[in-house]
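# Chain and residue survey
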Amino acid sequence: MWRLKLRLTCLLPLFVATLGLQGCASEPVDKRSCGTVSGFMLPDAGQHWYRAVVTHLNGQPVVSKPNYQLAPGDYQFTVVELIDDPSLAVKLSARTPKTFTLTVAAHQRYHLGALFHTDKRYFGQDSAYWEPGVWRQEPHECQFELSPETK
């Protein structure tokens with residue numbers, strides 16, 4: 001009987017260690033992977049998409065730039081539209097920034113823009129004439145550069 005206890009006592013740690021190793025054998029997450037959010041390309045105005053400029057990222061003011069490399073996750077972008085359609089007749093005070101949430105995935109590029117609603121004519125203070133969004137998404141290799149300390 002004591003031999004059986006000894007065998008179980010010796011085998012139990014080995015079994016637990018084996019289970020622990022199985023949990024560690026999964027593919028590691030590449031902490032350098034990222035997604036790119038871009039605002040530099042000119043959208044197709046024939047599809048009623050126009051350029052938009054990022055003013056805030058997650059509520060923090062940013063200096064607008066062509067590309068933002070971001071870790072995968074959810075981000076709030078505040079943008080202003082650059083719609084230059086002659087049918088747009090709203091007052092300048094109606095041309096206010098709008099915020100939207102974008103889920104960024106690794107190795108994807110998202111082209112931001114302003115979708116001009118052409119279902120009716122917009123006048124005065126009506127800010128419903130546009131909405132921010134992504135007019136194109138495409139695969140794009142993206143990795144954060146290693147800092148000199150981590151190379």
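Residues numbered from 1 in each chain as written. Predicted model: local features only at pLDDT ≥ 70, side-chain atom pairs only at ≥ 80, totals over all residues. Heavy atoms only, no water.

On a plain count of helices and strands, the chain comes out with one helix and 11 strands. What you see in the chain, going N to C, is helices and strands ordered as α-β-β-β-β-β-β-β-β-β-β-β. Among the 151 residues that make up the chain, the fraction classed as buried is 29%. Taking the intrachain contacts of the chain between residues at least 6 apart in sequence as the baseline, contacts between residues at least 24 apart amount to 73%. For the chain, the exposed area adds up to about 10,200 Å²; of that, 59% sits on carbon and sulfur atoms. (Helix = DSSP H or I, 4+ residues; strand = E, 2+ residues; numbered from the N terminus. Buried < 20%, exposed > 50% of the residue type's maximum accessible area, 1.4 Å probe, protein only. Contact = heavy atoms within 4.5 Å. Areas by Shrake-Rupley, 256 points an atom, 1.4 Å probe, with all protein chains shown as cover.)

Moving on to the state of the cysteines. Scanning all chains against the criterion turns up one disulfide. The residue that forms a disulfide with Cys-34 is Cys-142, at a sulfur-sulfur distance of 1.8 Å. Here the S-S torsion is close to -90 degrees, and the disulfide linking Cys-34 with Cys-142 is therefore left-handed. In this pair, Cys-34 is assigned in the loop between α1 (2-24) and β1 (35-38) and Cys-142 in the segment after β11 (130-139), connecting sequence segments 108 residues apart. (Disulfide = S-S within 2.5 Å.)

Now for the sheet that holds strand β8 (residues 98-104). Reading across from one edge, β4-β3-β6-β8 is the order of the four strands in this open sheet, with antiparallel pairing throughout. Two strands close off the open sheet at either side, each with one partner strand: β4 (60-61) and β8. As paired elements, strand β3 (residues 52-57) and β4 share two bridges and run antiparallel to each other. When the sheet's bridge partners are listed, Leu-57 is paired in β4 with Gln-60. (Pairing = 2+ DSSP bridges.)

Our next topic: the pattern of salt bridges. Applying the stated rule across the entire model yields three salt bridges. Measuring nitrogen to oxygen at the nearest pair gives 2.6 Å for the salt bridge that ties Arg-95 to Glu-81. Here Arg-95, found in the loop between β7 (89-90) and β8, pairs with Glu-81, found in strand β6 (residues 73-81); they are 14 residues apart in sequence, far enough to count as distant. Of the residues examined, Arg-95 reaches a relative accessible area of 31% and is grouped as partly exposed. Among the ionic pairs, Asp-126 bridges to Lys-120, the shortest N-O distance being 3.9 Å. (Salt bridge = Lys/Arg side-chain N within 4 Å of Asp/Glu carboxyl O.)

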